[in-house]
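Given next are the chains, with one letter for each unit.
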Amino acid sequence: MSGGLAHGVVHVLKDQFDEPEPETIRPEQADHEMERLRKALAVTRGEIEALQRQMVVDGGEAEADIFDAHLLILDDVTLLKQVEKRVRVEWLSVDYAYYQLMLKNINALRRMSDPYLRERFLDIKDVTHRVMRHLRGEMLEAPMFDHPVIVVAKDLTPSDTVQLDRSRVLAFAVETGSAVSHAAIIARSMNVPAVVRLAGISDELHSGDLVLIDGDEGVLILNPSETTLNESRVREAAAEKREDVLHERRHEAAQTLDGETVLVGVNGEFLEELDGLKDSGAEEVGLFRTEFLHLADPTASEDWLAAAYHQVIVAMAPRLVIFRTLDLGGDKVEEGYSLNPEPNPFLGWRGIRLSLGRTDLFKRQLRALLRAGAWSRVGIMFPMVTTVEEVVAAKALLQECAAELDAEKIAAPAELLVGAMIEVPGAALIAGALAKHVDFLSLGTNDLVQYTLAVDRLNDRVADLYQTTHPAVLRLIELTVQAGYGGVIRVGMCGEMAADIGLTPLLLGMGLRELSVSSNQVARVKAAVRRLGAAECRELWESVRDLTDPAAIRGMSLGVAESRYPDLFE
Ligand code: PEP
Ligand code: MG
């Protein structure tokens, strides 16, 4: 989830299908609109017939008959007449008129008691989506809205969000996911509210519906009453006031009551959030995810990438920027990935594994990072590391790129730090060995928790088992921190756990002194640190380190947090 309130119209993204917005046309456009529909129906017919022929060739005669039903829907003259009426009499765009009528049929079928008929709605839905895509002239088109919207979807992958016009997104509401799924992380970096785990929402709502999203309470209200809206506005105003107070001290260092300094960094992913990162009060960028710049244009040149990375460095200078090299795979996949999916993407070719296998991509990125960082301070960290050899190989490629650039007389960064993310239990267990090869370790708890506990971070069915305070997770964090200090290198945390102020006492108690969080959490985390004593945090850790119940451990940390800064939870 991501906090805050938003009130506005819904825009539904469905199975990569974008519901049409209510739109009117000029009367003289009516002929053209109807012609568009006839063409889209003809192309869809050709497509379905081709599928049918293929099915027969593949030996599925019976299945091929299913497509007869699809073809009948396309040839339904009555329906066509109804659409025409709405276009010529009500001046509605054909996209909207056609979609609305089909939706009516779909909903009527879904209410049938006969299970066979009820299931036919899927046929109509399939045909409708095909026709709509052809109406727009493309199979997959970037979502379209020209006004601020609340985006509703089953789930949002990074490639979905890359295609959105993010400047017009007021909030997100999605069916799946958790606080560490990408939809939630992206919402936090865009500083908009998000609610996750709203089962069935993308079918129940339609583009144009008016809703209120309350990211703090995790609720979505359809057609909120004036009283509800007023109440929420009052609450929002009070929350903004509290934020303003927090913000006053955001640029000051975060020191505990007994004088220990905690470095608070910020996580970023988009160029348009640079002002927010800069103004957040963070002392550095502890994690800049580079997948989003890559997904925006996977064929982007080294020059383009270098210029983009340079923008981040310039915005944050003289502060350090730690770029995380591409973490593609898992839940961060490119368009077209579905053509060649892996059975277990989270255990597959992702992160540093993919980079080492695709040295063309990796070297382009490393060269761009080195060029962008000329004369500046840059950190480069590798995601999903599991072996020392991966780090050694990645560093060798980095060295190779640096030597090439040197030969080309291109200036090098003034300071270059190389790090490994600790996101896999195996990596945490060999953190001591990894520490010998890097300048810093960064705990990616979003993945570390899922891999340690075998709980998919995107699967809402097992979300209750996703426990950051499970003793196994804590043990791995402790091992990593000790390895970092033992190796006299920096060690920090950049997963969402770092922003959980209920756990700040526990994290400080375990020895962490570097936390990197989304921009709207920096001031809050700093304020939490300032109200805690490092010594009492160490005592807390000592008192919970042998407990086995994740809820009890969380409760003990929360107890300290709530007694020291109850106001920060409001
Ligand atoms: C993590 O896994 O904690 C992390 C920071 O990386 P991401 O959320 O991008 O997987
Ligand atoms: Mg990760």
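These figures come from a predicted structure and were not determined experimentally.

S.K.: Any chance you could explain the environment of Gly502 here in plain terms?
M.R.: For Gly502, the location among the structural elements is in the loop between strand 15 (490-493) and helix 21 (504-509). When the C-alpha positions of Gly502 and Ala528 are compared, they lie 9.1 Å apart, and in sequence the two are 26 residues distant. Residues contacting Gly502, with those up to four places away along its chain left out, are Ser557, Leu558, Ala561 and Phe569.

S.K.: Any chance you could explain helix 8 (residues 182-190) here in plain terms?
M.R.: Residues lying three or four places apart along an α-helix face the same way, a consequence of the helix completing one turn every 3.6 residues. With 9 of its 9 residues buried, helix 8 lies for the most part within the structure. Of all the positions in helix 8, only His182, Ala183, Ala184, Ile185, Ile186, Ala187, Arg188, Ser189 and Met190 are classed as buried.

S.K.: What am I meant to see in the packing of aromatic side chains here?
M.R.: Between two aromatic rings, the relevant description is the distance of the centres plus the angle of the planes. Across all of its chains, the model carries 5 aromatic pairs by this definition. Measuring from ring centre to ring centre gives 5.2 Å for Tyr309 and Phe323, while their planes differ by 55 degrees; the resulting arrangement is tilted. Residue Tyr309 is found in helix 13 (residues 302-316), and its partner Phe323 is found in strand 11 (residues 321-324); the two are separated by 14 residues along the sequence. The pair Tyr309 / Phe323 is uniform in exposure class, with both members buried. Between Phe362 and Phe382 the ring centres are 6.1 Å apart and the planes differ by 70 degrees, which places this aromatic pair in the edge-to-face class.

S.K.: Hey, could you run me through the site of ligand 1 in this one?
M.R.: Inspection of the region around ligand 1 gives 16 residues, with Arg289, Arg324, Lys332, Asn446 and Arg457 positioned closest. Taking Gly444, its main chain carries an N or O atom lying 3.3 Å from an oxygen atom of ligand 1. Taken by itself ligand 1 offers 290 Å² of open surface, and the protein chains cover 100% of this. Residue assignment for the shell around ligand 1 shows that the elements contributing at least two residues are helix 8, strand 10 (285-289) and helix 19 (445-453). Considering each element in turn, the shell around ligand 1 owes the most residues, 3 residues, to helix 19.

S.K.: Explain the coordination of the magnesium ion (ligand 2) to me, please; I cannot follow it from the model alone.
M.R.: Bound to the magnesium ion (ligand 2) on the protein side are Glu423 (OE) and Asp447 (OD), at distances that span 2.0 Å. Here Glu423, found in the loop between strand 13 (415-422) and helix 17 (425-429), pairs with Asp447, found in helix 19; they are 24 residues apart in sequence, far enough to count as distant.

S.K.: Can you walk me through a nonpolar patch on the surface in this structure?
M.R.: Nonpolar side chains collect at one region of the surface, where Leu429, Ile430 and Leu479 lie side by side and expose about 240 Å² of accessible area between them. In this fold, Leu429 is placed in helix 17. Relative accessible area serves as the criterion here: at 59%, Leu429 is assigned to the exposed category.

S.K.: How should the pairing of strand 14 (residues 440-443) be read in this particular structure?
M.R.: Remember that side chains alternate between the two faces of the sheet whenever the strand is regular. Here strand 14 shows no split at all, with Phe440 and Ser442 on one side and Leu441 and Leu443 on the other all buried. With 4 bridges joining them, strand 13 and strand 14 adopt parallel strand pairing. Bridging across to strand 14, Met421 finds its partner in Ser442.

S.K.: Would you explain the nonpolar core in this entry?
M.R.: Ranked by size, the top nonpolar core spans 98 residues in total, and within it Phe323, Leu441, Ile477, Met493 and Leu506 carry the most contacts. With residues up to four places along the chain from it excluded, the contact list for Leu441 reads Ala420, Ile422, Ala431, Leu434, Ala435, Thr480, Gly484, Ile489, Arg490, Val491 and Gly492. In terms of nonpolar packing, the next biggest core, distinct from the first, is built from 31 residues, Phe67, Val83, Tyr99 and Val127 among them.

S.K.: Would you mind going over the pairing of strand 4 (residues 169-174) with me for this structure?
M.R.: Strand 4 sits mainly inside the fold: 5 of its 6 residues count as buried. Note: strand 3 (residues 149-153) against strand 4, 5 bridges, orientation parallel. Looking across to strand 4, one finds that Ala153 is bridged to Val174. Relative to strand 5 (residues 194-195), strand 4 runs parallel, the two sharing 2 bridges. Across the sheet, residue Phe172 finds its bridge partner in strand 5, namely Ala194. After leaving strand 4, the chain enters helix 8 and then returns to the sheet as strand 5, a path that is right-handed.

S.K.: What should I look at first to understand the packing of helix 13 against helix 15 (residues 359-372) in this one?
M.R.: It is at 8 Å that the axes of helix 13 and helix 15 come closest, and there the two elements cross at 45 degrees. In terms of axis orientation, helix 13 runs oblique to helix 15. For the pair helix 13 and helix 15, the crossing hand works out as right-handed. Each of Glu302, Asp303, Leu305, Ala306, Tyr309, His310 and Ile313 in helix 13 lies in contact with helix 15, whose residues at this interface are Arg364, Gln365, Arg367, Ala368, Leu369, Arg371 and Ala372.

S.K.: Where do I start with unusual backbone geometry in this structure?
M.R.: Peptide bonds are trans in most cases, and residues, glycine excluded, mostly fall at negative phi. Note that the residue after Ala317, namely Pro318, is joined by a cis bond; omega there is 5 degrees. By the element assignment, Pro318 lies in the loop between helix 13 and strand 11. Its identity as a non-glycine residue notwithstanding, Lys409 has a phi of 60 degrees, on the positive side.

S.K.: What exactly am I supposed to notice about the pattern of salt bridges here?
M.R.: Where side chains of opposite charge bring their charged atoms close, a pairing between them can arise. Tallied over the entire structure, the rule returns 40 salt bridges. For Arg524, the salt bridge identified is with Glu243, shortest N-O distance 2.3 Å. Note that Arg524 is positioned in helix 22 (residues 522-530) and Glu243 in helix 10 (residues 226-248), a separation of 281 residues in sequence. Residue Glu243 is classed as partly exposed on the basis of its relative accessible area of 26%.

Rules and cut-offs
Residues numbered from 1 in each chain as written. Chains lettered and ligands numbered in written order. Predicted model: local features only at pLDDT ≥ 70, side-chain atom pairs only at ≥ 80, totals over all residues. Heavy atoms only, no water. Helix = DSSP H or I, 4+ residues; strand = E, 2+ residues; numbered from the N terminus. Contact = heavy atoms within 4.5 Å. Buried < 20%, exposed > 50% of the residue type's maximum accessible area, 1.4 Å probe, protein only. Phe/Tyr/Trp six-rings, centres within 6.5 Å; stacked < 30°, edge-to-face > 60°. Near = heavy atom within 4 Å. Polar contact = N/O pair within 3.5 Å; in protein donor to acceptor, adjacent residues only side chain to side chain. Areas by Shrake-Rupley, 256 points an atom, 1.4 Å probe, with all protein chains shown as cover. Donors = N, O, S within 2.8 Å, 3.2 Å for Na, K, Ca; no water. Patch = residues over 30% accessible without salt bridge, like charges linked within 9 Å, V, L, I, M, F, W, Y side chains within 5 Å. Salt bridge = Lys/Arg side-chain N within 4 Å of Asp/Glu carboxyl O. Pairing = 2+ DSSP bridges. Core = buried A, V, L, I, M, F, W, Y, C linked by side-chain atoms within 4.5 Å. Right-handed = clockwise from strand over helix to strand, strands pointing away. Axes fitted to C-alpha atoms, helices over the stretch in contact; angles between N-to-C directions. Parallel < 35°, antiparallel > 145°, perpendicular 65-115°, else oblique. Left-handed = near helix turned anticlockwise from the far one by under 90°.

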